[in-house]
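Chain by chain, the residues:
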Number of protein chains: 2
Amino acid sequence: MKSAQFPNPIYLVNPKYTGEDLLGYKFYDSVSSIPDETPVDLAIIAVPAQITPSIIEEIGKKGVPFAHMFSSGFSELDSEFDKKGKKLEEELVRVASKYGIRILGPNCMGVIAPKSRLTFLMSMKAIQKANAENKENDSVNLEGLEKLGELTDAGQVAFISQSGGIAFAHGMLSQSLGYSFSKVVSLGNQIDLDLIDFLQYFKDDPETKIIAMYIENIKRDGNEFVRLLIETTAKKPVIIWKGGIFQTGHQAVMSHTGGLAGNYKIWESMARQTGVILVNNFLELTDMVQTCLTYPIPQTLGTAVLSMSGGTAVESTDEVERNGLIMPLLSQELTQKINQFIPEINSNLKNPLEFGGKNSMEHTIKIIEMLGEEPQFSSIIMASSPEYLVFGRGNSLDDYIKGISNALPPNSGKLLMCVSSGMNMFEQGIKMNLEFRSRSLSNGFVAYRSTAAAAKSCYRWWKYGKYLEKRKFTS
Amino acid sequence: MKSAQFPNPIYLVNPKYTGEDLLGYKFYDSVSSIPDETPVDLAIIAVPAQITPSIIEEIGKKGVPFAHMFSSGFSELDSEFDKKGKKLEEELVRVASKYGIRILGPNCMGVIAPKSRLTFLMSMKAIQKANAENKENDSVNLEGLEKLGELTDAGQVAFISQSGGIAFAHGMLSQSLGYSFSKVVSLGNQIDLDLIDFLQYFKDDPETKIIAMYIENIKRDGNEFVRLLIETTAKKPVIIWKGGIFQTGHQAVMSHTGGLAGNYKIWESMARQTGVILVNNFLELTDMVQTCLTYPIPQTLGTAVLSMSGGTAVESTDEVERNGLIMPLLSQELTQKINQFIPEINSNLKNPLEFGGKNSMEHTIKIIEMLGEEPQFSSIIMASSPEYLVFGRGNSLDDYIKGISNALPPNSGKLLMCVSSGMNMFEQGIKMNLEFRSRSLSNGFVAYRSTAAAAKSCYRWWKYGKYLEKRKFTS
């Protein structure tokens, strides 16, 4: 929070260090000795599980309305024969309700709220510096970091996660994918505030354009959840990654956040009913967030695929069609136009379009422009990574990004989806892929890891559009 | 070939440059003027398609027994209404057979034979230098490169590819994945030497331990292919990636190497019948090659999964079970042993094993050793990338690699599969992942991109074992 430049007072409470100071913040011996001049909005509790009820009592007396309970060691450790954790949680709820305290957790990472500069992440730059100095993050001197407040850039994505690790990983990865959050919530054991409370909030949050969730289980009645989802998807897309699909996964879920996962078929039919975009893993979730943030909903499944080699063309086509898109042919007129500047040998002017190793960056950009005018394509997939058109051809990545970012008119309604596999194993190629990814969204395109990822995301986005359309006609 | 230090004479033929010299090699005005002192073994032909028959005539008169035809512009450009390319190919075969010349191609990249230092790739170092100097590869001064002959390191993998681009990509990627080839063949249009000729050769090639193929279509009778595969899989694993599965993919295949792809169901039943390991794309092929090269065939599907966070544990479990492995529980004894040195809070001692952020590198290695002694596990998947145990904990990657590489006894028959996602978007993290991957095979483990990739490869390897076992009983 210091690295995020949290602007309000932070009070540290630990009787062992009373009077001492850490990073400029003073330690108090108890909650009651915190000065009264500023009301305390939030308590972050990180003490052993056994003494948490007494801490809740303390903050209740102080009048603190919210507690984020980082502490773990509750129902997530219970077995069939031992429900100690569950009992402790019930005790917590009892004490909290006496004072009207709302609890987030326990066993969770808390909240990221960039506008308030409340966070549980260090900025990427701070961590890079720590890595460079081979130090723990918390022992790094933060002075001199250029963009300390980097993580406090507010974005349009709300992320609700039942896993603190995944909330953390998403917070980190999003920085290199080029998007940021309105808010992130790590739910933990949900003994009080739960998934549905936050979904309700994000539904009406004007700062949130897209809601993404990692869910292991639902604590409340499923029908309430479904009703709320139906209201929410009418206003903004909702992406759900459901963890713990398989039998052992259930076990893992049980010890992770103390609940039991439901049958996946139920989730699939829920998604059909509510328009929720269901994804299978973390990277599919980030793909989908980027897709919803960047593109209009595709009007059709028709896509044109461009590739720099015949093998990639065949592979891409299989991956595109495996994931539900279709590949109409180019018009006769366009084929003739392209033939005027592309030599026929080793270039295939059907769909996929394949240009051997000989096509230039300028020609590729020109062809993307031309494809954008063909009505049978709602999307265009550039299946070869940027380095193929940049390295060794005297081109700069900058020119390539500018070129493709201007290739389709902003109001075309079409999606230019790029693949940036990072499969180039040279350091330079990887750096180029990283830069390409981090600059993608701000230039109006997504850089996907694979053609499969691009096609899958496009198909799911189209399906959400179909859901909305059907709904318009039936309601 | 210069960068690979090809040891024998190379004669350049092009009447335009007669008497001039390139990279130290002399130009001749025709094949007939090449001096007779050394017999010429191979002609590499890269002239326009129309004049190729006359060139074959010329090399026939010279007595050259083999031609690699790089030239394209043959049947791969034919349409339903125009079979010019096919006719030209027939003419080539007619002329070649007059002189007993065997042809590879046309429309292909040729052969890599590391022991003979015959190659169509530059070494990684040469290309890195070219990239650094922002030059075309062929204008780079090759002096001063330390390991010029890098690509000529002979390995144990034979790769037959119907796509030159994929042969090239595989040659490049293998260098950073830590394996090399006995031979690589790019097939092209297969007007003479074909897939079956090379498969026949590799079956009995003592330098080849594993055969991998990228296939778009079969030119000869399918039964011949099946018979040969059955003979081959008895001696060594055969991995096939079949491109052009879907309808448009068929189209792409047609223009790529001038053939029509078969129905995929036929390929699947062929795989069941022959023990061929079928994969779906390029990266699955490289995963499988690494798996076959590195590990014994797993005895059972039982696997133990280790993870550094609860979310990753749930995700990994879903991916492991989705791909056919099973996750038995740990024994009571082992659980108790581990409990002696791992604090119970935030660590789940079922399977998957999850240690929060607090487990040390030493403990992880110790736990891998202990898991290796449990009979219910044939494989162990370390689902978290190496940087989680190395960065910020004062550990070195070197110690980590040494630790895990010694964790299982060499004759244990068990697989330690590591995940190195490269999802860490810091330059340092990526460098660490690259180094981890490139050093993996030589240290007895594979570094997979994802848990799914590890599980899928392990399952396929097990299935090949089952095939061999069944065969032993039925023959």
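As the structure is a prediction and not an experimental result, all values here were calculated from the model. (Residues numbered from 1 in each chain as written. Chains lettered and ligands numbered in written order. Predicted model: local features only at pLDDT ≥ 70, side-chain atom pairs only at ≥ 80, totals over all residues.)

**What to know about the sheet that holds strand β15 (residues 379-382) of chain B**
Residues and elements named next belong to chain B.
Move 1: In space, the 5 strands of this open sheet follow the order β14-β13-β15-β16-β17, with parallel pairing throughout. Each edge of the sheet is formed by a strand with only one pairing partner; in this case those strands are β14 (353-354) and β17 (446-448).
Move 2: As defined by bridge partners, strand β13 (residues 303-307) adjoins β14 across 2 bridges and the pair is classed as parallel. Across the sheet, residue L306 finds its bridge partner in β14, namely L353. (Pairing = 2+ DSSP bridges. Helix = DSSP H or I, 4+ residues; strand = E, 2+ residues; numbered from the N terminus.)

**Describing unusual backbone geometry**
Move 1: Omega for the peptide link from G105(A) to P106(A) comes to 0°, which places this bond in the cis form.
Move 2: Residue position: P106(A) is located in the loop between β6 (102-104) and β7 (110-112).
Move 3: In this structure, P352(B) follows N351(B) across a cis peptide bond, with omega equal to 10°.
Move 4: With respect to the helices and strands, the residue P352(B) is situated in the loop between α11 (332-339) and β14.
Move 5: With phi around 55°, R117(A) is a residue other than glycine that occupies positive phi space.

**With respect to the environment of R437(A)**
Residue and element names in this part refer to chain A.
Move 1: For R437, the position within the fold is in helix α15 (residues 427-440).
Move 2: Judged by the 22 C-beta atoms lying within 10 Å of it, R437 falls in the buried class.
Move 3: A C-alpha to C-alpha distance of 34 Å links R437 and H68, two positions 369 residues apart in sequence.
Move 4: What R437 contacts, discounting residues up to four positions off in sequence, is S176, L177, G178, S420 and A447. (Buried ≥ 20, exposed ≤ 12 C-beta atoms within 10 Å, placed from the backbone. Contact = placed C-beta atoms within 7 Å.)

**Here's the deal with the sheet that holds strand β6 (residues 102-104) of chain B**
Residues and elements named next belong to chain B.
Move 1: Read from one edge to the other, the open sheet built from 3 strands follows the order β4-β5-β6, with strand pairing classed as parallel. This sheet does not close on itself; its edge strands, each paired only once, are β4 (42-45) and β6. Averaged over neighbouring strand pairs, the angle between their axes works out to 20° when direction is ignored.
Move 2: Note: β4 against strand β5 (residues 66-69), 4 bridges, orientation parallel. Note that in β5 the partner of A43 across the bridge is A67. (Axes fitted to C-alpha atoms, helices over the stretch in contact; angles between N-to-C directions.)

**Regarding the pairing of β15(B)**
Residue and element names in this part refer to chain B.
Move 1: Because side chains alternate across β15, one face comprises the buried residues S379 and I381, and the other comprises I380 and M382, equally buried.
Move 2: Where β13 and β15 come together, 4 bridges link them in parallel fashion. Bridged to V305 within β15 is I381.
Move 3: The pairing of β15 with strand β16 (residues 415-419) spans 4 bridges and is parallel. In the strand pairing of β16, M382 is matched with C418.

**Some words on the domain arrangement of chain A**
How big an interface is tends to be stated in terms of the accessible area lost upon association of its parts.
Residues and elements named next belong to chain A.
Move 1: Annotation of chain A at the domain level lists domain 1 (12-104), domain 2 (110-136 + 146-294) and domain 3 (303-474).
Move 2: Facing the 15 residues of domain 1 at the interface are 10 residues of domain 2.
Move 3: When residues of the side of domain 1 that touches domain 2 are traced back to their parent elements, those giving at least two are α2 (84-99) and β6.
Move 4: Tallying contributions element by element places α2 first for the side of domain 1 that touches domain 2, with 5 residues.
Move 5: Its residues assigned to classes, the side of domain 1 that touches domain 2 shows 8 nonpolar, 3 polar and 4 charged. (Domains from an automatic or database assignment. Nonpolar A, V, L, I, M, F, W, Y, C, P; charged D, E, K, R; others polar.)

**Digging into the packing of helix α12 (residues 361-372) of chain B against helix α14 (residues 397-405) of chain B**
Packed helices, taken two at a time, are described by the angle their axes make and the gap between the axes.
Residues and elements named next belong to chain B.
Move 1: Running from N to C, α12 and α14 cross one another at 15°; their axes reach a closest spacing of 9 Å. Regarding the angle of α12 to α14, the classification is roughly parallel. α12 and α14 meet at a crossing whose hand is right-handed. The segment α12 lies against α14, with M361, I365 and I368 engaging Y400, G403 and I404. (Parallel < 35°, antiparallel > 145°, perpendicular 65-115°, else oblique. Left-handed = near helix turned anticlockwise from the far one by under 90°.)

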